[in-house]
2 protein chains.
Amino acid sequence: MPRKPDPNNTRSNEIIRATIRCLARSGFSQLTMKRLAAEAGVSQGILHYYFRDKRAMLAAAAGHVMDDLDFRARLESANRRDAPSRLRAMIKASLAVATANREFWTVFMALWGESLHDGALAPINKATYARARKAIGGIVEQGVREGDFTPVNIVHTSAMILALIDGISLQLTFDKNFMTVASAERLCEKILFQHLAK
Amino acid sequence: MPRKPDPNNTRSNEIIRATIRCLARSGFSQLTMKRLAAEAGVSQGILHYYFRDKRAMLAAAAGHVMDDLDFRARLESANRRDAPSRLRAMIKASLAVATANREFWTVFMALWGESLHDGALAPINKATYARARKAIGGIVEQGVREGDFTPVNIVHTSAMILALIDGISLQLTFDKNFMTVASAERLCEKILFQHLAK
């Protein structure tokens, strides 16, 4: 019976990192348990002990990438108390991760693509998005409560903030020449603060 | 030597539609020339006559979906002359296609995922995005010229409009319960018109 991945377990972490490297190199369509075992330096038997199949690996890789993004966003906003500063820090951290770490998108695109036709991955993808909206919602809610932002529907506004960051990060990943990350950061801030202004 | 797909050719169109159905059913990772030939009702020899490999099929499918989106956006804005009406029509048409036609995303996610590690698909994906920004840019540029919108950087603003629509369409595709398409349409309009207001 495959074991639930334990974030403190070094070997499962090594396997997850190997999965992400394989995805970045050749995508989900080329991922096989055999190639993954070779990349992680373990036998296929060991691999199956930790993860049932490539789907389970993908779900674990997405969890790993989201944890990393959360960690960086928290680090970036650690010394900021007011909601506008926290929102700026979140935009900066998200764009930095999404544009500098190509493996971020290789994992998410695999998860998105598979979740459209895979009934087991769809709820994992849905939960990942709900988690991201909730993290942003905490900042928006604080800003409304403390009078920095105009009253808005927290869930809808969080969805739009996430949409703008996701969408522009994708375009910057696909094409490095039409806009700099710094310009994108400034323009995201401007558009969102215009909307949230009292 | 495989022939360049001709949009007026019925058989290549049939093959493209079969590709899109296969992608929607089981994703790019499960797409094989054999399965595709069966779905399209042609021999593998015929399939190879039209398209070299599954990559070429994916590129053709993406072109087909973009043409369809352009057509619907033009149809929606046919009787609208001013830029604000055209922008509203474009938002409405884009969200409608992206949320009602699941195959839209199955094609794009396959293209995105593969373009990250495939040197032949990356420029096709990049060009697809440049084309979308240019179409939106025409509306923004008209609005600025006619005094409906405040002067903005056309390319950057088009990128943000596309980002917001892309990003929220994705979330609505993954989860039908946190927000309605109609609410998303209204909120996209509100955020973008606040930014473009003089």
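The following refers to the structure shown. Every chain begins its residue count from 1, and numbering advances along the sequence as written. As a convention, the first chain written is A and the first ligand written is 1, with the rest following in written order. With the structure being a predicted model, the display of local features is reserved for residues of pLDDT at least 70 and the display and counting of side-chain atom pairs for 80 or more, all residues being used for whole-chain, interface and lining totals. Note that the side-chain values use all heavy atoms of the structure and ignore hydrogens as well as water.

Describing the overall build of chain A
Then comes step 1: Helix and strand definitions here come from DSSP, where helices need a minimum of 4 consecutive H or I residues and strands a minimum of 2 consecutive E residues; each element is numbered from the N-terminal end. Counting its regular elements, chain A contains nine helices and zero strands.
Then comes step 2: Secondary structure of chain A in N-to-C order comes out as α-α-α-α-α-α-α-α-α.
Then comes step 3: Projected onto its principal axes, the C-alpha coordinates of chain A cover approximately 60 × 35 × 35 Å.
Then comes step 4: Only protein chains enter the accessibility calculation, which uses a 1.4 Å probe. A residue is then buried if its area is under 20% of the maximum for its type, exposed if over 50%, and partly exposed in between. Counting the 198 residues in chain A, one finds 54% classified as buried.
Then comes step 5: Using the Shrake-Rupley algorithm and a 1.4 Å probe, accessible areas are obtained, with residue cover drawn only from the displayed protein chains. When the accessible surface of chain A is totalled, it reaches about 8900 Å², and 52% of it is carbon and sulfur.
Then comes step 6: The sign given to each residue is positive for Lys and Arg and negative for Asp and Glu; His and the chain ends receive no count. Working definition for charges: the position is that of NZ of Lys, CZ of Arg, CG of Asp or CD of Glu. Both charge centroids of chain A, one from 28 positive and one from 19 negative side chains, sit 3 Å from each other.

Some words on the packing of aromatic side chains
Then comes step 1: Note on aromatic contacts: the rings of Phe and Tyr and the six-membered ring of Trp form a pair at centre separations within 6.5 Å, being stacked when their planes are under 30 degrees apart, edge-to-face when over 60 apart, and tilted otherwise. This model, assessed by the stated rule, comprises 17 aromatic pairs over all chains.
Then comes step 2: An aromatic cluster is built from Phe104(A), Trp105(A), Phe108(A), Trp112(A), Tyr129(A), Phe174(A), Phe104(B), Trp105(B), Phe108(B), Trp112(B), Tyr129(B) and Phe174(B), whose rings are joined through pairwise contacts.
Then comes step 3: By definition, being over a ring means that NZ of Lys or CZ of Arg is both within 6 Å of the ring centre and within 35 degrees of the ring normal. The cationic tip of Arg133(B) hangs over the ring face of Phe178(A); the distance from NZ or CZ to the ring centre is 3.6 Å.

Comments concerning the interface of chain B and chain A
Then comes step 1: In this analysis, two residues are considered to be in contact whenever any of their non-hydrogen atoms come within 4.5 Å of each other. Taken residue by residue, the interface counts 47 residues in chain B and 47 residues in chain A.
Then comes step 2: In short, buried area is how much 1.4 Å probe accessible area vanishes from two parts on joining, totalled over both. Contact between chain B and chain A buries roughly 4100 Å² in total, counting both sides, with carbon and sulfur atoms accounting for 68%.
Then comes step 3: Whenever a carboxyl oxygen of Asp or Glu lies within 4 Å of a side-chain nitrogen of Lys or Arg, that contact is scored as a salt bridge. Between chain B and chain A we count two salt bridges in total.
Then comes step 4: Ionic pairing is found between Arg133(A) and Asp175(B), a salt bridge with its closest N-O pair at 3.4 Å.
Then comes step 5: N or O atoms closer than or at 3.5 Å make up a polar contact, with two conditions inside protein: a donor-capable atom paired with an acceptor-capable one, and, for residues adjacent in sequence, both atoms drawn from side chains. Linking chain B with chain A are 16 residue pairs in polar contact (both at pLDDT 80 or more).

Re helix H6 (residues 102-115) of chain A
Residues and elements named next belong to chain A.
Then comes step 1: Taking 1.5 Å of rise per residue, 14 residues should cover 20 Å, and H6 covers 20 Å from first to last C-alpha, within 8% of that figure.
Then comes step 2: Most of H6 is tucked away, with 12 of its 14 residues classed as buried.
Then comes step 3: Listed in full, the buried residues belonging to H6 are Phe104, Trp105, Thr106, Val107, Phe108, Met109, Ala110, Leu111, Trp112, Gly113, Glu114 and Ser115. To estimate how far a helix should reach, multiply one less than its number of residues by 1.5 Å.

Here's the deal with empty space enclosed by the protein
Then comes step 1: Lining residues are defined by having an atom within 4 Å of a point belonging to a cavity or pocket. Those points lie on a 1 Å grid over the protein atoms alone, cavities being sets where a 1.4 Å probe fits but cannot get out and pockets being open sets with protein on both sides within 12 Å along at least five of seven lines. Grid points are joined across faces, edges and corners, and a volume is the space filled by probe spheres set on the points. Under the definition given, this model contains one cavity of 30 Å³ or more.
Then comes step 2: Looking at the largest cavity, its volume works out to about 220 Å³.
Then comes step 3: Lining of the largest cavity is provided by 20 residues; of these, Met109(A), Ala110(A), Met109(B), Ala110(B) and Glu114(B) occupy positions nearest its centre.

Details of the environment of Phe193(B)
Residues and elements named next belong to chain B.
Then comes step 1: Mapping phenylalanine 193 onto the fold places it in helix H9 (residues 181-196).
Then comes step 2: Phenylalanine 193 gets classed as buried once you look at its relative accessible area, which sits at 19%.
Then comes step 3: Along the sequence, phenylalanine 193 and leucine 87 sit 106 residues apart, while their C-alpha atoms lie 9.4 Å from each other.
Then comes step 4: If sequence neighbours within four positions are ignored, phenylalanine 193 has contacts with Pro84, Leu87, Arg88 and Phe149.

Side note on the relation of the copies chain B and chain A
Then comes step 1: Of the transformation superimposing chain B on chain A, the axial component is 0.0 Å and the angular component is 180°, with the fit at an RMSD of 0.0 Å. What the superposition gives is, in effect, a two-fold axis relating one chain to the other. Residue Ser29(B) of chain B places its C-alpha closer to the rotation axis than any other residue of that unit, at 1.9 Å.
Then comes step 2: A share of 100% of interface residues in chain B that are also interface residues in chain A marks the association as one of identical surfaces. Residues reaching a pLDDT of at least 70 in both copies supply the C-alpha atoms on which the copies are superposed by least squares.

Brief notes about helix H8 (residues 154-174) of chain B
At 3.6 residues per turn, the α-helix brings residues three or four places apart onto the same side.
All names here are of chain B.
Then comes step 1: In a regular helix each residue adds 1.5 Å, so 21 residues correspond to 30 Å; H8 covers 30 Å between its end C-alpha atoms and thus fits that length.
Then comes step 2: Within H8, 19 of the 21 residues are buried, leaving the element largely enclosed by the surrounding structure.
Then comes step 3: A distance of 3.1 Å separates the backbone nitrogen of valine 155 from a side-chain oxygen at the start of H8, and that oxygen is part of asparagine 153.

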